[in-house]
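# Structure at a glance
Here is what each chain is made of, one letter per residue.
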Amino acid sequence: MNNIIKKRYYVAFLILLCLGFSMKYMNKYHIDNDNISIQSSLKDELNRGSVDELNPKLKETVRLGESSSYIALFQLENNEIGYSQMIKGLNGKFKFERAGSGTNIVSYENIHTNKGDYGILVGHNPDQKINHILAKLINEEFEFNADVSKDRLFVKYEKLPSKLKDASPAELTFYDENNKVIQ
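Figured I'd write up the structure that's included with this text. Keep in mind that this is a model prediction, so the values were computed, not measured.

### Remarks on the pattern of salt bridges
Per the stated rule, a full pass over the model turns up 6 salt bridges. Where lysine 43 meets glutamate 53, a salt bridge forms, and the shortest distance between an N and an O atom there is 3.3 Å. Within this pair, whereas lysine 43 is found in helix α2 (residues 35–47), its partner glutamate 53 is found in the loop between α2 and β1 (57–63), the two being separated by 10 residues in sequence. Residue class for glutamate 53 comes out exposed when judged on its relative accessible area of 52%. The closest approach of N and O atoms between glutamate 45 and arginine 48, which form a salt bridge, is 3.1 Å. Residue classification places glutamate 45 among the partly exposed positions, given a relative accessible area of 27%. Classification of arginine 48 as exposed rests on a relative accessible area of 61%.

### A short note on the pairing of strand β3 (residues 81–88)
Within β3, 7 of the 8 residues are buried, leaving the element largely enclosed by the surrounding structure. Remark: 5 residues form the turn of the hairpin made by strand β2 (residues 69–75) and β3, two consecutive strands paired antiparallel; asparagine 79 in that turn has positive phi of roughly 75°. Between β3 and the antiparallel strand that follows it, strand β4 (residues 94–102), lie 5 residues; glycine 92 among them carries a positive phi value of about 85°.

### Regarding the sheet that holds β1
Read across the sheet, 4 strands follow the order β1-β2-β3-β4 without closing on themselves; strand pairing throughout is antiparallel. Only two strands of the sheet have a single neighbouring strand rather than two, namely β1 and β4. Going from strand to strand, the sheet's axes swing by 20° on average, the running direction of each strand aside.

### As for α2
Every α-helical turn comprises 3.6 residues, leaving residues that sit three or four positions apart pointing alike. Relative to the 18 Å expected for 13 residues at 1.5 Å per residue, α2 spans 18 Å between its end C-alpha atoms, a close match to the ideal helical length. Those residues of α2 that fall on the buried side of the exposure criterion are Ser37, Ile38, Ser41, Leu42, Leu46 and Asn47. Residues of α2 that are buried sit in contact with β1, β2, β3 and β4. Here α2 starts with a cap whose side-chain oxygen sits 3.2 Å from the backbone nitrogen of isoleucine 36, and that cap is aspartate 34.

### Considerations on the nonpolar core
Ranked by size, the top nonpolar core spans 17 residues in total, and within it Tyr108, Leu121, Ile133 and Leu137 carry the most contacts. Looking at this core, the elements that each hand over two or more residues are β5 (106–113), β7 (132–137), β8 (143–147) and β10 (170–175). Looking at which element gives the most residues to this core, the answer is β7, with 3 residues. Non-local contacts of tyrosine 108, meaning those with residues more than four positions away in its chain, are made with Gly119, Ile120, Leu121, Leu137, Phe144, Leu160, Ala167, Ser168, Pro169, Ala170 and Leu172. Counting residues in each nonpolar core, the second largest holds 12 residues, with Ile31, Leu42, Leu46 and Leu76 among its members.

About the criteria used
Residues numbered from 1 in each chain as written. Predicted model: local features only at pLDDT ≥ 70, side-chain atom pairs only at ≥ 80, totals over all residues. Heavy atoms only, no water. Salt bridge = Lys/Arg side-chain N within 4 Å of Asp/Glu carboxyl O. Helix = DSSP H or I, 4+ residues; strand = E, 2+ residues; numbered from the N terminus. Buried < 20%, exposed > 50% of the residue type's maximum accessible area, 1.4 Å probe, protein only. Pairing = 2+ DSSP bridges. Axes fitted to C-alpha atoms, helices over the stretch in contact; angles between N-to-C directions. Expected span 1.5 Å × (residues − 1). Contact = heavy atoms within 4.5 Å. Polar contact = N/O pair within 3.5 Å; in protein donor to acceptor, adjacent residues only side chain to side chain. Core = buried A, V, L, I, M, F, W, Y, C linked by side-chain atoms within 4.5 Å.

Dropping the structure here:
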């Protein structure tokens, strides 16, 4: 009889443990997979601990290859471009991994995912003068081109070889439609 009671307590403990883990997981991955929820949560994330109120406008959400990472491209009221890396959980909802914005026309980031590293270019193409961008890693022998000729705002990415040790920073060179460098 004593063994039966111990087994029941053990099963009850395992059930409570699983429920606790599930609740923690659901609270971590709480952003619904729709633009309204992403934009609202992005606003909350960007304004956490900030004096100035930022109002991001979600422009695009892009999945990085077959990974569980997504990039949410947004624009602020002052026309700065930013991005947020989101991770999609088993429940189909997102959590934010990182977010930021800046004044650069284009920025490069190395993003770690569950399927390897990706080099991403995030930015805007004023008057669509930029035809393509060459991203050349400074500390490694790797480069990739991104066609932005039809994009006013963009997220472009390239899966990086797993052998790279230092995938950041990158030198960016902008080219026009005649393959001439834009200064």
